[in-house]
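Breakdown of the fold
For reference, the chains in residue letters:
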Amino acid sequence: GLDEFHWENYLKETGSLGAPSECFRQSKVPPANEFKVGMKLEAHDPRNMTSICVATVVGITGARLRLRLDGSDNRNDFWRLVDSPDIQPIGTCEKEGDLLQPPLGYQMNASSWPMFLLRTLNGSEMAPATLFKKEPPKPPINNFKVGMKLEAIDKKNPYMICPATIGDVKGDEIYITFDGWSGAFDYWCKYDCRDIFPVGWCRLTGDVLQPPGTQGIDNKVSLISHPLIEEGQEHPQGLEREVPVTKSIAKTQSSLPKAAPHSMP
Ligand code: MLZ
């Protein structure tokens, strides 16, 4: 439709280029997602990465799975690529002589865990080993350059993949800035982080790419083809949300973050 975001137009309008796919720790051909909702697997507890738990696939989005730890609530869902090293078939833990752990925030009495585990796995559909894909290798060096465009997971809203720009590079660290947003979502990460993707990733995987935010759009840069929202009208005053500040989409050197890696809030 008319209101859709198209990288091709956007790159032209912003006079920018996508980061080459060789920069990313992602498969050049995105892995097939053959998982089904309801399948069970083992996953590292994101809140306690040393423990391995039972998880259920509660959603499929592109090459990612929406996961929920069995015995946990529905407010701590997390997303993993099908080639993430954080997930493995049921039985892997036991084969390695480890025990499946209750998730952090396991809501029942700890003594009920062994029986809970038996019941949650009994008669369940376990994801077959062939659905888990091998993690791609790290690119040997950080080849990202300031200004390159990419698609990146918004860590504050991890189901969202959004258009982004490399804002800074320091050694093995890169600064991810989200196009059209104030900077409240921006973050430093390693160049081989699994949360960043080349331009076109979502189109290839069928995942949803969010449109850029609406800040810094002026009559020279039309982002999407529907009429612009009046400045200040899109976010009513006084609401608890990330309040945008005007910032050009095509960032200039002077607007780049000056902080060192990990110093951002
Ligand atoms: N609900 C949030 C979503 C912001 C997403 C930004 N992603 C870079 C908001 O509207 O503030």
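Look a little higher up for the structure.
Along every chain, residues carry numbers that run from 1 in the direction the sequence is written. Per-residue local features are limited, in this predicted model, to residues with pLDDT of at least 70; the limit for side-chain atom pairs, both in listing and counting, is 80 or more; totals at the level of whole chains, interfaces and linings are taken over all residues. The basis for the side-chain values is all heavy atoms of the structure; hydrogens and waters are excluded.

1. A short note on the pattern of salt bridges
The salt bridge criterion pairs a side-chain nitrogen of Lys or Arg with a carboxyl oxygen of Asp or Glu, the two atoms within 4 Å. Following the criterion strictly, the structure yields 15 salt bridges and no others. Note that D77 is salt-bridged to R66, the shortest N-O span being 2.8 Å. Here the residue D77 occupies a position in the loop between β3 (64-69) and β4 (78-81), and R66 occupies one in strand β3, the gap between them amounting to 11 residues. Relative accessible area decides the class of each residue, using a 1.4 Å probe on protein chains only: under 20% of the type maximum gives buried, over 50% gives exposed, and in between gives partly exposed. Judged by relative accessible area, which is 12%, D77 ranks as buried. Residue R66 is classed as partly exposed on the basis of its relative accessible area, which comes to 32%. For the salt bridge of E173 with K190, the shortest nitrogen-to-oxygen distance reads 3.3 Å. Pair noted here: E173 is in strand β8 (residues 173-178) and K190 is in strand β9 (residues 187-190), with a separation of 17 residues, a long-range link. Owing to a relative accessible area of 8%, E173 belongs among the buried residues under this scheme. Through salt bridges with shared partners, a single ionic network connects R25, D83, E135 and R194. The helix and strand labels rest on DSSP assignments: H or I over at least four residues marks a helix, E over at least two residues marks a strand, and numbering proceeds from the N terminus.

2. A few points about the sheet that holds strand β10 (residues 196-197)
At least two bridges found by DSSP between two strands are what make those strands a pair. What the 5 strands build is an open sheet, ordered β9-β8-β7-β6-β10; its pairing is antiparallel. Across the chains shown, the open sheet's two edge strands, defined by having one partner strand only, are β9 and β10. Of the strand pairs in this sheet, strand β6 (residues 149-154) and β10 are connected by 2 bridges, and their pairing is antiparallel. Note that in β10 the partner of A152 across the bridge is I196. What makes two residues a contact is simply this: any of their non-hydrogen atoms within 4.5 Å. The angle between two axes is taken between their N-to-C directions and runs from 0 to 180 degrees, where each axis is a line fitted to C-alpha atoms and a helix contributes only its stretch in contact. With respect to the sheet, helix α1 (residues 7-14) is in contact with β6 and β7 (157-170), its orientation differing from that of β6 by roughly 115°.

3. Regarding the packing of aromatic side chains
Here the aromatic set is Phe, Tyr and Trp, taking the six-membered ring for Trp, and pairing holds for ring centres within 6.5 Å; pairs whose planes are under 30 degrees apart are stacked, those over 60 apart are edge-to-face, and all others are tilted. According to the stated counting rule, one finds 13 aromatic pairs in the structure shown. Ring centres of W79 and Y159 lie 6.0 Å apart, and the angle between their planes is 45°; on these two criteria the pair is classed as tilted. Taken together, the positions of W79 in strand β4 and Y159 in strand β7 put the pair 80 residues apart, joining distant regions of the chain. Here W79 falls in the buried class, since its relative accessible area comes to 15%. By relative accessible area, Y159 is classed as partly exposed at 43%. When the ring of W181 is compared with that of F185, the centres are 5.4 Å apart and the planes differ by 85°; the resulting orientation is edge-to-face.

4. Observations concerning the nonpolar core
Note on terminology: a nonpolar core comprises buried Ala, Val, Leu, Ile, Met, Phe, Trp, Tyr and Cys residues joined through side-chain atoms within 4.5 Å. In this structure, F144, I174, I176, F178 and I196 are the most contacted members of the largest nonpolar core, which totals 19 residues. Of all the elements in the fold, those that place two or more residues in this core are β6, β7, β8 and β9. If sequence neighbours within four positions are ignored, F144 has contacts with A19, C23, F24, I166, V169, I174, Y191 and I196. Of all hydrophobic cores here, the second largest spans 16 residues; its members include F35, V57, L67 and L131.

Take it as geometry only, folks, not as evidence of what the structure does.
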